[in-house]
Amino acid sequence: MCGRTACSLGADKLRRACAYRDRRGRHRQPEWVRGERYQPSYNKGPQSSGPVLLSRRHLHQDADSSERVLMDMRWGLVPSWFKNNDPSKLQFNTSNCRSDTMLKKSSYKGALLKGKRCVILADGFYEWQQQESGGKQPYFIYFPQTKDAMDEGKEGDEEWKGWRLLTMAGIFDCWEPPAGGEVLYTYTIITVDASKDVRFIHHRQVREGKGAAEMPAILDGDEAIRKWLDFAEVPTQEAIKLIQPTENIVFHPVSTFVNNIRNNTPECVAPIELGAKKEVKATPSNKVMLGWLKNSQEGSPQKKENDLPKWTSQFIHSPSPKKTSADILQQWLGKQGEPAVKKRKA
């Protein structure tokens, strides 16, 4: 499942990071809808709001369905047919939707068949590994990054060379209070059976029969994103073929500081050395994240745009180099250089 994410890029930079090409091959940046509501965070959980990509045609019937918009939506789908005036009274958890039941359950089937497909954006997501001691070790999971992932580029650049955002397939719906009021946009993240690397994190849970290991359905590349969002050109049965596990991810252990949803600082994503009382030190291989963290220590994700941590992404990009989890962990856990951040007690 996916129960916690991070998305620390500010609204304007997030828009630039989501550059794409429309049906005519024109370079575009998605426009924000209600962008003033968006708040970056290192520690997002269900019932919080987060950035979502969707086709403009959902909002304007005469729009080109290949055009995209960004919207801040609440995590946890409230079906349009829900009759209670208080959406918090929904009796079941809709933060995640299993791919093998999404066309069977009434909470998701109607919205999916109407083409209400979206892409949830994040720096990465967190998963917890059950330890023999009884505790849980959190990990941060994300796309492999190129060496220049700290390079934001500048306004007007067609290509984004920085940090590549994780793009997760989702379903959204629009709920209107029966007594009247503002329409509430909500989403669920589609989940699939975990890839080999993510199963490593869940190995104890699976071995003890406490459920199957799952992960978000990740759309790897702009062509997959285009097909998932363009509901007018790509029918549902064709689109759901995109919903597959991916091995193109890497991860590193982080502090249990992230366990508390109220904690919202760069320490949530900072790589740590397992079994050590110090943060991973900088090496040429891990300067991308550690350099970003060093530049992000003052203030919080709610500060001014120019002060936000420089996590960027590229939707139009050259394929990332394939790296195994073992490779990336070895790089993150190097022992040369200076500490990235000061470690707090969990």
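Structure: above.
Since we're looking at a predicted model, the values are computed, not measured. (Residues numbered from 1 in each chain as written. Predicted model: local features only at pLDDT ≥ 70, side-chain atom pairs only at ≥ 80, totals over all residues. Heavy atoms only, no water.)

Student: Would you explain the overall build of the protein in this entry?
Tutor: Helices and strands together make up the secondary structure of the protein, namely eight helices and 15 strands. Expressed as a percentage of the 346 residues in the protein, the buried residues total 54%. Sequence-distant contacts in the protein: of pairs separated by 6 or more residues, those separated by 24 or more amount to 72%. Counting only carbon and sulfur atoms, one obtains 47% of the accessible surface of the protein, whose full area is about 15,700 Å². (Helix = DSSP H or I, 4+ residues; strand = E, 2+ residues; numbered from the N terminus. Buried < 20%, exposed > 50% of the residue type's maximum accessible area, 1.4 Å probe, protein only. Contact = heavy atoms within 4.5 Å. Areas by Shrake-Rupley, 256 points an atom, 1.4 Å probe, with all protein chains shown as cover.)

Student: Any chance you could explain the packing of aromatic side chains here in plain terms?
Tutor: What describes a pair of aromatic rings is the distance from one ring centre to the other and the angle between the planes of the rings. A full pass over the atoms with the stated rule returns nine aromatic pairs. A centroid spacing of 5.3 Å and a plane angle of 25° characterise the contact between W32 and Y38, whose relative ring orientation is stacked. An aromatic cluster is defined as three or more aromatic residues linked by ring pairs; in this entry it consists of Y126, W128, F140, Y142 and W163. The residue whose ring lies beneath R117 is W228, and the NZ or CZ to ring-centre distance is 5.3 Å. A cation over a ring is seen here: R164 above F143, with NZ or CZ 3.8 Å from the ring centre. (Phe/Tyr/Trp six-rings, centres within 6.5 Å; stacked < 30°, edge-to-face > 60°. Lys NZ or Arg CZ within 6 Å of the ring centre and 35° of its normal.)

Student: Please clarify how helix 2 (residues 106–113) should be interpreted in this entry.
Tutor: Residues S107, Y108, A111 and L112 constitute the buried set of helix 2. Projected down its long axis, helix 2 shows its buried positions confined to an angular sector of 100°, all on one face. G115, located one to two residues past helix 2, shows a positive phi value of around 85°. (Arc of directions from axis to C-beta.)

Student: Explain the nonpolar core here, please?
Tutor: Within soluble globular proteins, side chains that are nonpolar generally end up buried alongside one another. If you look at the biggest cluster of nonpolar residues, it comprises 61 residues, and the most contacted ones within it are L14, I171, Y187 and W228. Those residues in contact with L14 that sit more than four places away from it in its chain are C7, L9, W32, Y38, P51, L70, L121 and L165. Listed in part, the 13 residues of the second largest apolar core include W128, V250, V254 and V269. (Core = buried A, V, L, I, M, F, W, Y, C linked by side-chain atoms within 4.5 Å.)

Student: Explanation requested: the side chain of R117 in the structure shown.
Tutor: Mapping R117 onto the fold places it in strand 9 (residues 117–122). Among the polar contacts listed, one links the side chain of R117 to the backbone oxygen of W228, at a separation of 2.5 Å. Within the local environment of R117, its side chain forms a polar contact with the backbone oxygen of V234, the two atoms lying 2.9 Å apart. (Polar contact = N/O pair within 3.5 Å; in protein donor to acceptor, adjacent residues only side chain to side chain.)

Student: I keep staring at unusual backbone geometry and nothing clicks. Help me out?
Tutor: What you tend to see is this: most non-glycine residues have negative phi, and most peptide bonds are trans. We note that R34 has phi near 60°; this positive angle belongs to a residue other than glycine. You can see R34 is positioned in the loop between strand 4 (31–33) and strand 5 (41–44). Positive phi is not limited to glycine here, since Q47 has a value of about 80°. As for its position among the elements, Q47 is in the loop between strand 5 and strand 6 (49–55).

Student: Would you mind showing me how to read the sheet that holds strand 5 here?
Tutor: Backbone-to-backbone hydrogen bonds join strands into a sheet, with any given pair of strands oriented parallel or antiparallel. With respect to topology, five strands assemble into an open sheet ordered 5-1-10-11-15, the strand pairing being antiparallel. Lying at the two open borders of the sheet, with one neighbouring strand each, are strand 5 and strand 15 (250–253). Taking the axes of each pair of neighbouring strands and ignoring which way they run, one obtains an average angle of 30° across the sheet. (Pairing = 2+ DSSP bridges. Axes fitted to C-alpha atoms, helices over the stretch in contact; angles between N-to-C directions.)

Student: I would appreciate a short explanation of the pairing of strand 10 (residues 124–130) in the present structure.
Tutor: Looking along a regular strand, one sees side chains alternate from face to face of the sheet. With six of seven residues buried, strand 10 lies mostly within the body of the structure. Summarising the sheet, strand 1 (residues 5–7) and strand 10 pair through two bridges and their orientation is antiparallel. Paired with T5 across the strands is F125, a residue of strand 10. If you look at the hairpin formed by strand 10 and strand 11 (residues 136–142), you'll find five residues sitting between the two strands, and G134 has a positive phi there, around 105°.

Student: Whenever I open this one, the environment of S41 confuses me. Can you help?
Tutor: Tracing the chain through its elements places S41 in strand 5. Taking the relative accessible area as the measure of exposure, S41 reaches 9% and is therefore buried. Considered as a pair, S41 and N263 are 222 residues apart in the sequence and their alpha carbons are 9.6 Å apart. Only 2.9 Å separates the side chain of S41 from the backbone nitrogen of N43, close enough to count as a polar contact. A polar atom in the side chain of S41 sits 3.4 Å from the side chain of N264.

Student: Could you clarify how one ought to interpret the pattern of salt bridges in this entry?
Tutor: Opposite charge on two side chains permits pairing when their charged atoms draw close. With the rule as written, the count across this model stands at 17 salt bridges. A salt bridge links E67 to R28; the nearest nitrogen and oxygen atoms lie 3.8 Å apart. Placement of E67 in the loop between strand 6 and strand 7 (68–75) and of R28 in strand 3 (residues 27–28) is noted, with a sequence separation of 39 residues between them. Judged by its relative accessible area of 22%, R28 is partly exposed. For R98, the salt bridge is made with E214, and the minimal N-O distance between the two is 2.9 Å. Of the two residues, R98 sits in strand 8 (residues 96–98) while E214 sits in strand 14 (residues 214–216), which places them 116 residues apart along the sequence. Classification of E214 as buried rests on a relative accessible area of 15%. Linked through salt bridges whose partners overlap, the residues forming this network are D22, R26, R28, E31, R56 and E67. (Salt bridge = Lys/Arg side-chain N within 4 Å of Asp/Glu carboxyl O.)

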